[in-house]
Structures are given as C-alpha cells and as structure tokens.
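Examining the three-dimensional arrangement
Single-letter residue listing:
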Amino acid sequence: VELDADETYTVRIADAPKIDGELDGPWKNAPLADHFVERSPNPGTAPKSKTEVRVLYTEDTLFVGVTCFFPEGEGVRALEFQPDTFRVFSADALSLKFDARRDLRTTIGFVTNPLANRTDYIAVQGSNFRMEVDLIWDVRPQVLSDRWTAEYAIPFLSLGMREAEGDRLMGRAVTRDYATGRATYDMPLLPPEFGAVAAMNYGRLTG
C-alpha cells in the first residue's frame, strides 16, 4: 500500500504480539509509515534521522510499533527513570496522539522514552492539558546499536472506543523528540503556530 504522511493503515491480527520492544513476528507484515517532517528547528524540512511506524490491532487492542534510527556516532539520550511525569520529554521521547472521536479537537496522548518513562494525557483544542489520566496501556522500549524501538499496546476502551460494525477512522499523529539531535519530527507536520496537539492537523488511521 502506498502511504503518505496523512494516512496510516492498520491490519487485524488474530493473536496479540508479545510486548517486549522486539517488533518481530506479525510486525514484519504490518504496513510501514515513515513520512516524518521536521518541526524544529527547521519546520518542513526532511529529518536527518529516520523514524518508522507500524500499526496492528486485535478485537480489543491497538498495537503501535515505532523504530527510531539515529546517525552513526550518535545515540539516545535518556535520563534517570521518572515514572508518570512530563519529565519524559527531557530525553528522547515518542508521543502517540489520537483523535479517537474524530472531532478535530480532542487528543488522547501516550508518551514514552528509551528508559520506559511514560505518561498519558488528554488535551482539548490544542491546550487544556489533563495529565496523569491513568489510562490502561502498556509500552516496552528497546535500545540497540543504531536505533531504539517502542512497542505500544493500547486497549480501544482507553481511547473511548467500543465495539462497532465496519471500519472506523480516527485522527492520529506521531511525534519524535530527538534530544540528541536537538530536533522534533512529526508525522504529519504539526505547524508550530497551532501547537503540538492541534487535532485538526492530524493524519488518519484507517482499517
């Protein structure tokens, strides 16, 4: 499937993958999305470091696997473990942002970094953050020589989505804060003037 920065496809699998950061098994057949754009310091330019996203789902859970490569000679930046706090952004970090209602205003966010620091939040109209909402979800990172990965498992109920017939569509954005490279990458680009959680600028997760 040919993908662009606005659309990510997900496929259904029968059995949940093991959440260990490996991104093996069913991940090998998941559609790849990698159209990231630099937001800072140079908005709209191509990132110097590649990021790949894959999405799978079962009857009750959404799975997102992200691979963050870094250039030769560079590595990840990760501070001491700080559970459930916005200090997660002091290091390299990955943010998944969903507009599950598709109302173009409400974001449910899930953030982690290479040390498995994590936090979640709800934001409305690009601000009005409600932090530490204590949603049920899991994530496991893994740091390798040339990249780090994060494997997320997010129950649909944590996104406020109950069983429904047919395909559903939600807004989505993925942001990588690359602290070592002093840069932020988005898929799709989230224009700085609208803020990092402006759901009206999100792409689509389909299937």
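Look up: the structure comes first, before these words.
Residues numbered from 1 in each chain as written. Predicted model: local features only at pLDDT ≥ 70, side-chain atom pairs only at ≥ 80, totals over all residues. Heavy atoms only, no water.

1. Focus: the nonpolar core
Note the threshold: Think of a nonpolar core as a cluster: buried Ala, Val, Leu, Ile, Met, Phe, Trp, Tyr and Cys residues, connected wherever their side-chain atoms sit within 4.5 Å. Exposure categories follow from relative accessible area, calculated using a 1.4 Å probe and restricted to protein chains: below 20% of the type maximum is buried, above 50% is exposed, and the middle band is partly exposed.
Counting residues in hydrophobic clusters, the biggest one holds 34 residues, and the most contacted among them are L62, V64, F98, Y152 and L159. Judged by nonpolar contacts, the second largest core, of 10 residues, contains V88, A93, A173 and A199.

2. Things to note about the packing of aromatic side chains
The criterion, for reference: In summary, the pairing rule links any two rings of Phe, Tyr or Trp, Trp by its six-membered ring, whose centres are within 6.5 Å, and it sorts them by plane angle into stacked for under 30 degrees, edge-to-face for over 60 and tilted for everything else. A run of H or I in DSSP becomes a helix once it reaches four residues, and a run of E becomes a strand once it reaches two; helices and strands are each numbered from the N terminus. Criterion for a charge above a ring: Lys NZ or Arg CZ within 6 Å of the ring centre, and within 35 degrees of the ring normal.
The tally for this structure, following the rule as stated, stands at five aromatic pairs. Where F110 meets W137, the ring centres are 5.1 Å apart and the plane angle is 70°; that geometry is what we call edge-to-face. With F110 in strand β8 (residues 106-112) and W137 in the loop between β10 (127-131) and β11 (138-143), this residue pair connects regions lying 27 residues apart in the sequence. Here the aromatic cluster, defined as three or more aromatic residues joined through ring pairs, consists of F98, F110, W137 and Y152. The ring centre of W137 lies 4.1 Å from the NZ or CZ of R118, which sits over that ring.

3. Considerations on the environment of A199
This is how the line gets drawn: For this analysis, residues touch if any pair of their heavy atoms sits within 4.5 Å.
Inspection of the secondary structure puts A199 in the loop between β14 (183-187) and β15 (203-206). Setting aside residues no more than four positions away along its own chain, A199 makes contact with D99, L104, R105, T106 and T107.

4. Points about unusual backbone geometry
Cis peptide bonds are those with omega within 30 degrees of zero, and the linkage from S40 to P41 qualifies with 5°. Looking at the secondary structure, you find P41 in the loop between β4 (37-40) and β5 (51-57). The omega torsion of the bond from M187 to P188 falls at -5°, within 30 degrees of zero and hence cis. Tracing the backbone shows P188 in the loop between β14 and β15.

5. Focus: the pattern of salt bridges
Close approach of charged atoms allows side chains of opposite charge to pair. The condition that has to hold: Any carboxyl oxygen of Asp or Glu that lies within 4 Å of a side-chain nitrogen of Lys or Arg is treated as forming a salt bridge with it.
Inspection of the entire model under this criterion finds six salt bridges. For D34, the salt bridge is made with K50, and the minimal N-O distance between the two is 3.7 Å. Linking D34 in the loop between β3 (32-33) and β4 with K50 in the loop between β4 and β5, this pair joins segments that are 16 residues apart in sequence. Look at D34 and you get partly exposed, because its relative accessible area is 25%.

6. Comments concerning the side chain of T67
In this structure, T67 sits in strand β6 (residues 61-69). Here T67 is in contact with L23, K50, T51, E52, R147, W148 and T149, once residues within four sequence places are set aside.

7. A word on the environment of R39
Of note, R39 is situated in strand β4. A C-alpha to C-alpha distance of 9.7 Å links R39 and P188, two positions 149 residues apart in sequence. Excluding residues that lie within four positions of it along the chain, R39 makes contacts with K97, T175, T184, Y185, D186, L189, L190, P192 and A196.

Everything listed here is a matter of coordinates, which is why it stays silent on function.
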